Amino acid sequence: MNIHCLKVAVRTTIPVFLGYISCGIAFGLVTVNAGYPWWLSPAMGILIFAGAGQFLAIQLFAAGTPVLVILATELLLNIRHIVYGLPLINQFNSCRRSKPYLIYALSDETFSILTTTEVPVGVKAEEYYFTVSLLDQAYWVSGSLIGGLAGAMIRFDMTGVDFSLTALFAVLTIDQIQKFVRERKGDQNAAF
């Protein structure tokens, strides 16, 4: 792996790291609090990797919801990823080896990074996309592992913990709005 690519990807994904570690911990705590084993939260992060979908799945499983209803609900929740994938078709076209993983690992936050940052000079686009995607998933799985283990060892009141994913979306939305406003102001100043 290109060290320069890794350094840039780590620097670029720091906001996702902060959000995914905290939300992953919340997910691990929610999973254990619902009566499931600690290892289920990181396992879901590896096999499913759909933050909001994972929170929803735990609630639906705990409520005894039929599997077909869970599958339909998850499909409706995550269908937005098809829309996310459309702007990335051209970017991912040149990616041969990692394309299946890039499609699998596409999350809201990864989409945001891949569509708003430039590939570093001297780095292959496929390597950059892969590194960003892998780091983002690793952050989520790490947070889920920490939360699952903490939830298994320490019992405490879970009130409000499930709100963490909503808070992450709010922070990312504010960041995108601020970036848009800054770019618009720059365009207007350049016109004069």
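Everything quoted here is computed from the prediction, not taken from an experiment.

A. Quick peek at unusual backbone geometry. If you check the backbone angles, Phe-49 has positive phi at about 45° while not being a glycine. By the element assignment, Phe-49 lies in the loop between α3 (40–47) and α4 (51–62). According to the relative accessible area criterion, Phe-49 is buried, its value standing at 6%.

B. How the structure looks around the nonpolar core. Judged by nonpolar contacts, the single largest core of 32 residues is most densely connected at Tyr-128, Tyr-129 and Trp-140. Taken together, the elements giving at least two residues each to this core come down to α1 (3–12), α2 (14–33), α4, α6 (80–93), α7 (99–104), α8 (108–116) and α9 (125–153). When neighbours within four sequence positions are excluded, Trp-140 is seen to be in contact with Tyr-20, Cys-23, Gly-24, Phe-27, Gly-45, Phe-49, Gly-51, Gln-54 and Phe-55.

C. Fine view of the environment of Thr-116. For Thr-116, the position within the fold is in helix α8. Considering only alpha carbons, one finds Thr-116 and Gln-176, 60 residues apart in sequence, at a separation of 9.3 Å. At a separation of 2.6 Å, a polar atom in the side chain of Thr-116 contacts the main-chain carbonyl oxygen of Ser-112.

D. View of the pattern of salt bridges. Inspection of every chain in the model, using the stated rule, returns one salt bridge. Arg-80 is the partner of Asp-108 in a salt bridge, and the nearest nitrogen-oxygen pair spans 3.1 Å. Residue Asp-108 is found in helix α8, and its partner Arg-80 is found in helix α6; the two are separated by 28 residues along the sequence. Overall, Arg-80 belongs to the partly exposed group, its relative accessible area being 23%.

Conventions we followed
Residues numbered from 1 in each chain as written. Predicted model: local features only at pLDDT ≥ 70, side-chain atom pairs only at ≥ 80, totals over all residues. Heavy atoms only, no water. Helix = DSSP H or I, 4+ residues; strand = E, 2+ residues; numbered from the N terminus. Buried < 20%, exposed > 50% of the residue type's maximum accessible area, 1.4 Å probe, protein only. Core = buried A, V, L, I, M, F, W, Y, C linked by side-chain atoms within 4.5 Å. Contact = heavy atoms within 4.5 Å. Polar contact = N/O pair within 3.5 Å; in protein donor to acceptor, adjacent residues only side chain to side chain. Salt bridge = Lys/Arg side-chain N within 4 Å of Asp/Glu carboxyl O.

Nothing here speaks to function; it is all geometry.
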